[in-house]
Amino acid sequence: MDRAKNHFITNSIRIKNEEIFLKKDTILSLDSKIDFSQFLKDSYKKLALNYPKYHKMDSLCKLGILGSTVLLRGQDFKANTALVLSNASSSHDVDIKHMQSMESIVSPAVFVYTLPNIVLGEISIKYKLQSENVFFIEDKFNADLLVDYSETILNSGKALSVVCGWIELKNDQYDVLLCLVSNNGEIPFTKENLEELYRFENE
Amino acid sequence: MNILLQEDIIISPLGFSTSENLKAIKAGNSGLQFHENSRFPNGGFYAGILDASLLADNFSVIGDSTKFTKLEQMMLLATQSVLNNNELDLSETALIISSTKGNIDLLGNSKNFSKDRASLNSLARVIQEFFGFKLKPIIVSNACISGGLAVAIAKRFIQAGKFNNAIVVAGDLVSDFVTSGFQSFQALSATPCKPFSKNRDGISLGEAAAAILVSNNKREGTNISLFGDASTNDANHISAPSRTGEGLYKSIQQALKESKLSASEIDYLSAHGTATIFNDEMEAVAFNRAALFHVPVNSFKGFYGHTLGASALIETILTKHSLINNELYPSLNFEELGVSKPLNIVQKFEKKELKTALKTASGFGGCNLAMILKKSFNG
Amino acid sequence: MSDLRTELKQSIIEQLNLEELTIEDIDNDDSLFGDGLGLDSIDALELIVLLEKDYGIKLTDPNQGKEIFISINKMAEYIESHRTK
């Protein structure tokens, strides 16, 4: 029962190894020697995000905002766009940060990020997306789950389009793939095509 | 396609079965007690904490309690209970797990267990391997709506033909991690929490596990089905509830629409009711926008505290039994209404013919959930 | 005591990650919330942490913050009369 044939991967972005790809083209490539926080800072400037709230976020949300900004720039999407994201390490890095502060004074601005779905909230706020959200935890990238679940949402009419993907962060090591899925595009929204986008790495 | 909420169990300070939990609720017993904790200037806080040795005793029937964390024992026991009473083929039964923080305290101080055991993937693997589920577990971690969203996800996948049966298991602990965080938010109540009351001053935390079988298999007798469900983000703030109740209101509208029902057909409303000033106010606004102010409503947080990733599943199970038993359970610790809009708070145990209920939940990240439960009879 | 005010601005910018602001951007009478600096409820909680960390002032009632976190001047006045370090 392949009901996904009417849905397409309208756009996709990949963030890995100090590089950001739009579809398969490099749009930003930074010195691989810079540390993660510098990468997040420099990317913000180079991509002209102009969204001061960004600086308040934890790193997972920063990756989500960087990714969704590049993904959704110039795209036609409605408020009824669902978010279906996943990763392996939940909110690991900010969990560690909170845990370290527990011996002294705990910061509410750190604690609030210790849930993986906060990135869904941040993306929803920036793009005024009032729609379905879910955050799945998986041991590794799982195209089956992302496609199957996004399809149920699209086919049941609960959303008109979906941003789905993988947003992993652990010990400053990151790996992001976000896709906009809608009725428009040329790449059919299939497990194989999603898998291929994830496997793709610039030579 | 009719999606039925079948066998269920709640493991909490109120008991190790759903019937024990219901009995305690009818008797007006709360799981919230004062627990000493040096983080608090007054020496402790009110929370619903499960007695570890009592749990280990119960667990010893199915396994060696020294080999599993407290949360694992709770969730394994819950899963076992649902499996015991159903002949399910584990090669095609889905396992859906809901938790916000799992075994998070192992990240810091893991005496008996490796730090890796702190991850949600590890928690899922332990449950999967203990019983031999063949399908890869699905883990939902979506703040305080997780437990209910996991049930909605089971329904959606069953309707899409991915599987016919899913066991949804939810659990969370009163960890030092979470306690310290909510304390920094100044969100913890100095007394057992008082949802929707004028003098409410924050949440009480609680721990519990629950499990339910979600299935499209026909079953004789009285059935409760999940008729409609929707989740909507507020797109407003990551921790402050929307002042207009936008996401919750939209979720309710969508769930009603899917169920082809109107607000006037809802007999009972199981609210989130955390007892923070802003959450309860937001819910009152959303319920009024949805014309639900006349519907009997309660919060179960006065009995359990906020059990995070378990709460929406526990409350869905209790809502299910409200419908089956035709009983309205009181909103414990309610005093005088303290929200700006009218609500019909259930104040005492009441027998009433009930057919249709609405369960809602809201959480950090701006997420909201609404689910419609409906009773039917299959003779 | 304008030093305290400068110090406050610096630590607010750091603590609340207001990266795109400098001390010169904040006037002593600017409102911190709403139309001024646009701080939100989490920032308010962070300011409570800041008072405790830097000045040894412990606020137990979050509502107290509303009367203190009005502007840099108001905050400085409160700190001057309540600081324990």
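Being a predicted model, the structure only gives us computed values, none of them experimental.

Caption draft 1: How the structure looks around the overall build of chain A. Scanning chain A for helices and strands turns up 7 helices and 8 strands. Relative to the globule expectation of 17 Å for 203 residues, the C-alpha radius of gyration of chain A, 16 Å, shows essentially globular dimensions. With 203 residues in all, chain A has 64% of them scored as buried. At a minimum sequence separation of 6, the contacts of chain A that also span at least 24 residues come to 67%. As displayed, chain A offers around 8000 Å² of accessible surface, 47% of which is attributable to carbon and sulfur atoms. Here chain A holds 23 positive side-chain charges and 28 negative ones, and the gap between their average locations is 6 Å.

Caption draft 2: Region of interest: the interface of chain B and chain C. Tallying the contact residues gives 7 residues for chain B and 9 residues for chain C. For the chain B face of the interface with chain C, the top three residues by lost area are F185, Q186 and H237 of chain B, together amounting to 71%. Residues belonging to the side of chain B that touches chain C are distributed by class as follows: 3 nonpolar, 4 polar and no charged.

Caption draft 3: Layout of the pattern of salt bridges. Overall, the coordinates contain 32 salt bridges over all chains when judged by the stated rule. Close ionic contact of R14 of chain A with D175 of chain A constitutes a salt bridge, the shortest N to O distance being 2.7 Å. Here R14 of chain A is found in strand 1 (residues 8-16), whereas its partner D175 of chain A is found in strand 7 (residues 173-182), with 161 residues between them in sequence. Notably, a salt bridge pairs E315 of chain B with K359 of chain B, separated by 2.9 Å at the nearest N-O pair. Here E315 of chain B is found in helix 10 (residues 311-325), whereas its partner K359 of chain B is found in strand 15 (residues 356-363), with 44 residues between them in sequence. By the burial criterion, E315 of chain B is buried, and K359 of chain B matches it. The network of salt bridges with common partners includes E132 and K158 of chain A together with K155, R156, D229 and E258 of chain B.

Caption draft 4: Region of interest: the interface of chain A and chain B. Taken together, the contacts link 46 residues of chain A with 48 residues of chain B. Across the chain A/chain B interface, buried area totals approximately 3800 Å², and carbon plus sulfur atoms make up 60% of it. Three residues, M99, F111 and Q130 of chain A, lead the burial of chain A against chain B; their summed loss comes to 16% of the area buried on that side. At the boundary of chain A and chain B, one finds 7 salt bridges. At the junction of chain A and chain B, the tally comes to 26 residue pairs in polar contact (both at pLDDT 80 or more). At the level of elements, helix 3 (92-101), helix 4 (108-111), helix 5 (118-127), strand 5 (133-137) and helix 6 (143-155) of chain A are the ones that each hand at least two residues to the side of chain A that touches chain B. Split by residue class, the side of chain A that touches chain B holds 23 nonpolar, 14 polar and 9 charged. When strand 5 of chain A meets strand 5 (residues 138-140) of chain B, the two strands line up antiparallel, connected through 2 bridges. Within strand 5 of chain B, the position partnered with I137 of chain A by the bridge is I139 of chain B.

Caption draft 5: Looking closely at the packing of aromatic side chains. According to the stated counting rule, one finds 24 aromatic pairs over all chains in the structure shown. With a centroid separation of 5.6 Å and an interplanar angle of 80 degrees, the aromatic rings of F68 of chain B and F130 of chain B are classed as edge-to-face. Separated by 62 residues along the polypeptide, F68 of chain B in the loop between helix 2 (52-59) and helix 3 (70-84) and F130 of chain B in helix 4 (residues 120-131) bring together distant segments of the chain. A residue is classified by how much of its surface remains accessible, and F130 of chain B, at 26% relative accessible area, is partly exposed. Counting every residue linked through ring pairs, the aromatic cluster contains F111 of chain A together with F177, F182, F185 and F364 of chain B. For the cation-ring pair, R289 of chain B lies above Y249 of chain B, with the distance from its terminal atom to the ring centre recorded as 4.2 Å. Over the ring of F227 of chain B we find K374 of chain B; its NZ or CZ atom is 5.3 Å from the centre of that ring.

Caption draft 6: Structural detail: the nonpolar core. In this structure, L194 of chain A together with I96 and F182 of chain B are the most contacted members of the largest nonpolar core, which totals 183 residues. The two domains that each donate at least three residues to this core are domain 1 (4-215) and domain 2 (221-378) of chain B. Apart from residues lying up to four places away in sequence, I96 of chain B is in contact with I138, V140, A150, I153, A154, F163, A166, I167, V168 and V169 of chain B. Ranked by size, the runner-up nonpolar core spans 26 residues in total, among them A255, L269, A271 and L358 of chain B.

Caption draft 7: Expanded view of the domain arrangement of chain B. Residue and element names in this part refer to chain B. What the domain assignment reports for chain B is domain 1 (4-215) and domain 2 (221-378). On a C-alpha basis, the centres of domain 1 and domain 2 stand 20 Å from each other. In this assembly, 63 residues from domain 1 lie in contact with 65 residues from domain 2. Across the interface of domain 1 and domain 2, roughly 4900 Å² is buried in total on both sides, 68% from carbon and sulfur atoms. Linking domain 1 with domain 2 are 7 salt bridges. A salt bridge links K198 to E336; its shortest N-O distance comes to 3.3 Å. At the junction of domain 1 with domain 2, the criterion picks out 27 residue pairs in polar contact (both at pLDDT 80 or more). Contributions of two or more residues to the side of domain 1 that touches domain 2 are made by strand 1 (4-11), helix 1 (18-26), helix 5 (146-159), strand 6 (165-172), helix 6 (176-184), strand 7 (205-206) and strand 8 (208-215).

Caption draft 8: Just the packing of helix 6 of chain A against helix 5 of chain B, in detail. Where helix 6 of chain A contacts helix 5 of chain B, the axes come no closer than 10 Å and their chain directions differ by 85 degrees. Taken together, helix 6 of chain A and helix 5 of chain B sit at an angle that is classed as roughly perpendicular. Contacts between helix 6 of chain A and helix 5 of chain B involve L145, D148, Y149, T152 and I153 of chain A from the former and I153, R156 and F157 of chain B from the latter. Taken together, the residues of the contact of helix 6 of chain A with helix 5 of chain B break down into 5 nonpolar, 1 polar and 2 charged.

Caption draft 9: Inspection of the sheet that holds strand 2 (residues 33-36) of chain B at higher detail. Residue and element names in this part refer to chain B. With mixed pairing, the 3 strands of this open sheet are ordered in space as 2-3-7. For this open sheet the edge positions go to strand 2 and strand 7, each flanked by a neighbour on one side alone. Bridge count between strand 2 and strand 3 (residues 44-48): 4 bridges; the pairing is antiparallel. Following the sheet pairing, Q33 is matched in strand 3 by A47.

Rules behind the numbers
Here the residue numbering is sequential within each chain, running from 1 through the sequence in written order. To label them, take the chains in the order written and letter them from A, then take the ligands in the order written and number them from 1. Local features are withheld for residues below a pLDDT of 70 in this predicted model, meaning they are given only at 70 or higher, and side-chain atom pairs are given and counted only at 80 or more; totals for whole chains, interfaces and linings count all residues. Derived side-chain values reflect all non-hydrogen atoms in the structure, with water molecules and hydrogen atoms excluded from consideration. Helix and strand definitions follow DSSP, with helices as H or I runs of at least four residues and strands as E runs of at least two, each counted in order from the N terminus. Taken over C-alpha atoms, the radius of gyration is set against a globule rule of 2.2 Å times the number of residues to the power 0.38. Only protein chains enter the accessibility calculation, which uses a 1.4 Å probe; a residue whose area is less than 20% of its type maximum is buried, one above 50% is exposed, and one in between is partly exposed. We call two residues contacting when some pair of their heavy atoms lies within 4.5 Å. With residues, only the protein chains shown are counted as cover, and all accessible areas are computed by Shrake-Rupley using a 1.4 Å probe. Under this rule, positive means Lys or Arg and negative means Asp or Glu; His and the chain ends count for nothing. Charge positions come from single atoms, namely NZ of Lys, CZ of Arg, CG of Asp or CD of Glu. Simply put, the buried area is the total loss of 1.4 Å probe accessible area from both parts when two parts are fitted together. Polar here means any residue other than Ala, Val, Leu, Ile, Met, Phe, Trp, Tyr, Cys and Pro, which are nonpolar, and Asp, Glu, Lys and Arg, which are charged; Gly is therefore polar. When a carboxyl oxygen of Asp or Glu lies within 4 Å of a side-chain nitrogen of Lys or Arg, that pair is called a salt bridge. For this analysis, a polar contact is any N or O atom pair within 3.5 Å, provided that within protein one partner can donate a hydrogen and the other can accept it, and provided that sequence-adjacent residues contribute only side-chain to side-chain pairs. Only when DSSP finds a minimum of two bridges between them are two strands counted as paired. Only the six-membered ring of Trp is used, alongside the rings of Phe and Tyr, when aromatic pairs are assigned; centres must lie within 6.5 Å, and planes under 30 degrees apart are stacked while those over 60 apart are edge-to-face, with the rest tilted. Charge-over-ring placement is defined geometrically: NZ (Lys) or CZ (Arg) within 6 Å of the ring centre, and within 35 degrees of the ring normal. Note on terminology: a nonpolar core comprises buried Ala, Val, Leu, Ile, Met, Phe, Trp, Tyr and Cys residues joined through side-chain atoms within 4.5 Å. Domain ranges listed in this record stem from an automatic or a database domain assignment. Axis definition: a line fit to C-alpha positions, over the contact stretch in the case of helices; interaxial angles, taken between N-to-C directions, run 0 to 180 degrees. Orientation is classified from the angle alone, with under 35 degrees giving roughly parallel, over 145 giving roughly antiparallel, 65 to 115 giving roughly perpendicular, and any other angle giving oblique.

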